[in-house]
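One-letter residues, chain by chain:
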Amino acid sequence: MTEREPVGVIGVGWVGLVTAACFAELGHRVIARDILPEKVAALSRGETTIHEPGLEDLLRRNAERITFTTEMGELLDGARLLFVCVDTPPTYSGDADLSRVRAVVEELPEGSDHVLIMKSTVPAGTGESIRRDLPGLAYVSCPEFLKEGTAVEDFMHPDRVVVGADPGDEAAADAVAGLYEPLPGEILRTDVASAEMIKLASNAFLATKISFINEIANVCEEVGADVGEVARGMGLDQRIGSSFLRAGIGYGGSCFPKDVSALKMLAGNTGYHFQLLTAVIEVNELQKRRVVGKLEKHLGSLLGKRIALLGLAFKANTDDMREASSLVLAARLQGEGAEVVAYDPVAAGRAAELLESVEMADSAQAALDGADAAVIVTEWPEFAELDWKEAAGRMARPLLVDGRNFLDPAVVQAAGFEYEGIGRTVGAPSPAGG
Ligand code: UGA
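Remember, it's a predicted structure, so these values are computed and weren't measured experimentally.

What counts, and at which threshold
- Residues numbered from 1 in each chain as written.
- Predicted model: local features only at pLDDT ≥ 70, side-chain atom pairs only at ≥ 80, totals over all residues.
- Heavy atoms only, no water.
- Helix = DSSP H or I, 4+ residues; strand = E, 2+ residues; numbered from the N terminus.
- Rg over C-alpha atoms; globule rule 2.2 N^0.38 Å.
- Buried < 20%, exposed > 50% of the residue type's maximum accessible area, 1.4 Å probe, protein only.
- Contact = heavy atoms within 4.5 Å.
- Areas by Shrake-Rupley, 256 points an atom, 1.4 Å probe, with all protein chains shown as cover.
- Lys, Arg positive; Asp, Glu negative; His and termini not counted.
- Charge placed at Lys NZ, Arg CZ, Asp CG, Glu CD.
- Near = heavy atom within 4 Å.
- Polar contact = N/O pair within 3.5 Å; in protein donor to acceptor, adjacent residues only side chain to side chain.
- Nonpolar A, V, L, I, M, F, W, Y, C, P; charged D, E, K, R; others polar.
- Pairing = 2+ DSSP bridges.
- Axes fitted to C-alpha atoms, helices over the stretch in contact; angles between N-to-C directions.
- Expected span 1.5 Å × (residues − 1).
- Bend = angle between axes of the 7 residues up to and from the residue.
- Phe/Tyr/Trp six-rings, centres within 6.5 Å; stacked < 30°, edge-to-face > 60°.

What follows concerns the overall build of the chain. Helix and strand content of the chain: 18 helices and 14 strands. Its C-alpha atoms give the chain a radius of gyration of 23 Å, within 12% of the compact-globule value 22 Å for 434 residues. The proportion of buried residues among the 434 residues of the chain is 52%. A separation threshold of at least 6 residues defines the contact pool for the chain, and within that pool the share at least 24 residues apart is 71%. For the chain, the accessible surface area stands at approximately 18,700 Å², while carbon and sulfur atoms represent 53% of it. If the 40 positive side-chain charges of the chain are averaged to one point and the 66 negative ones to another, these points end up 3 Å apart.

Shown next as structure tokens:
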């Protein structure tokens, strides 16, 4: 095999660590730098710092090809192609916080042959301003489209790879495109601003799809339709497509909430009012709260009621709690005077730090003990396997709000539950065992 060019990764969060592991798997030597010494120490010892299916295996298999360091100098000496993967969290104003990106840029030497490859999600215009500050440094925008929970798979089988470069940086863009050539998926070459917009627009569109189907679900409840059937029927139209039409309790995570807001603000900063995204955000916020009304419909006041939250992570197969709908829901339930108990198979540790007054149970069954209602917040596969008949017996009142339309209502009803989904018409419960 011809020698593959070393790759540098700056910031080993979700995107950075997956990028490092996957390029190592493709045969590259990788030098990955993070400013947190404890994270670098843990990764150097072979510990995986995040829960991401397949990642631990990749890191173990390619351990000798990856070096973790806190030293920028070591990174700059070892690699010419530098992927910036630091986070860009939202600021109070809703804009993206670029301070970590800026801190990285300040550490880069002027006039070197390094190529700065931006994987962090940044507002359109960021590349142009970095190029202004660091003339001579080659700059390529290469946004990441991986999803937590399937990040390794997404990296290895991308739908597309976007490589954005402006005039003068064509050679750098060729080098970046070359890194992805072994992978399937189209490589789209574009200018930097368009690449930046592709990332923001893609996330905003997917979030719009989710808010749209959530509103359809809410109307379905009024007219007695089933949103699952509606989504299936819509999705068969190839112009619409079937993905991202799962109604639920709203989108969360580190990306959609932040990127939708950042795009709205980016537009606003230029004087354009992006009305559609304003609605997408509002629908999502209200959707997280609808569970409260569903519980009240059955229980009346929630004061003193014990509510079990099954799942806390923003989606299954991750321990990420950023912008998880569970955070808003738990706070709203407590605001109504409910006692909240929760269980998550993977995210409980991270969640406990954020939900101090929520009781953490160490199994789903334990969470359900004596509860007046249960809410499926995250679609963890183990909840489908649960013995719901046994669960009904443990609860003070077998009431289930399925915030992900994850379970078969007939099965849960047969186990003795009152069932509420999102936008699902469910008939009266059949007699137990029937
Ligand atoms: C999202 C995008 O899907 C990735 O393409 C992108 O790279 C990433 O953001 C990013 O910008 O880094 P991610 O946040 O990991 O990925 O998770 P998704 O699977 O997209 O789910 C986001 C949220 O939407 C979750 O809370 C999920 O439960 C919710 N969702 C998703 C729905 O409520 N309904 C759906 O039909 C799909």
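Structure's up, so let's keep going.
So, on to the site of the ligand. If you check the shell around the ligand, you find 19 residues, and the closest are Leu 146, Glu 148, Lys 199, Asn 203 and Lys 315. Here Leu 146 contributes a backbone N or O atom positioned 2.7 Å from an oxygen atom of the ligand. Bound to the protein, the ligand loses 95% of the 720 Å² it would expose on its own. At the level of elements, α9 (192–223) and α11 (256–269) are the ones that each hand at least two residues to the shell around the ligand. Of all the elements, α9 adds the most residues to the shell around the ligand, at three residues. For the shell around the ligand, the class distribution of residues is nine nonpolar, two polar and eight charged.

Time to look at the sheet that holds strand β10 (residues 339–343). Strand order in the open sheet made by the six strands is β11-β10-β9-β12-β13-β14, with parallel pairing throughout. In this open sheet, the two strands that pair with only one neighbour each are β11 (359–360) and β14 (418–420). Strand contacts of helix α12 (residues 275–299): β9 (306–310), β12 (373–376), β13 (399–402) and β14, with the helix running at about 160° to β13, the strand carrying the most contacts.

Here the focus is α12. Along its 25 residues, α12 runs 37 Å from first to last C-alpha, staying within 8% of the 36 Å computed at 1.5 Å per residue. Of all the bends in α12, the greatest measures close to 35° and is centred on Lys 288. Turning to α12, its buried residues number three or more, namely Leu 277, Val 280, Val 283, Asn 284, Gln 287, Lys 288, Val 291, Val 292, Lys 294, Leu 295 and Leu 299.

With that settled, the discussion passes to the packing of aromatic side chains. Applying the stated criterion across every chain, the model contains nine aromatic pairs. Taking the centre distance of 5.2 Å and the plane angle of 85° together, the rings of Phe 23 and Phe 155 count as edge-to-face. One end of the pair, Phe 23, is in helix α1 (residues 14–25); the other, Phe 155, is in helix α7 (residues 151–156), with 132 residues separating them in the sequence. The same class applies to Phe 23 and to Phe 155, which are both buried. Between Tyr 343 and Phe 383, the ring centres sit 6.2 Å apart and the planes meet at 70°, which makes this aromatic pair edge-to-face. One end of the pair, Tyr 343, is in strand β10; the other, Phe 383, is in helix α16 (residues 381–385), and 40 residues separate them in sequence. Take Tyr 343: its relative accessible area is 9%, and that puts it in the buried class. Given the relative accessible area of 0%, Phe 383 is considered buried.

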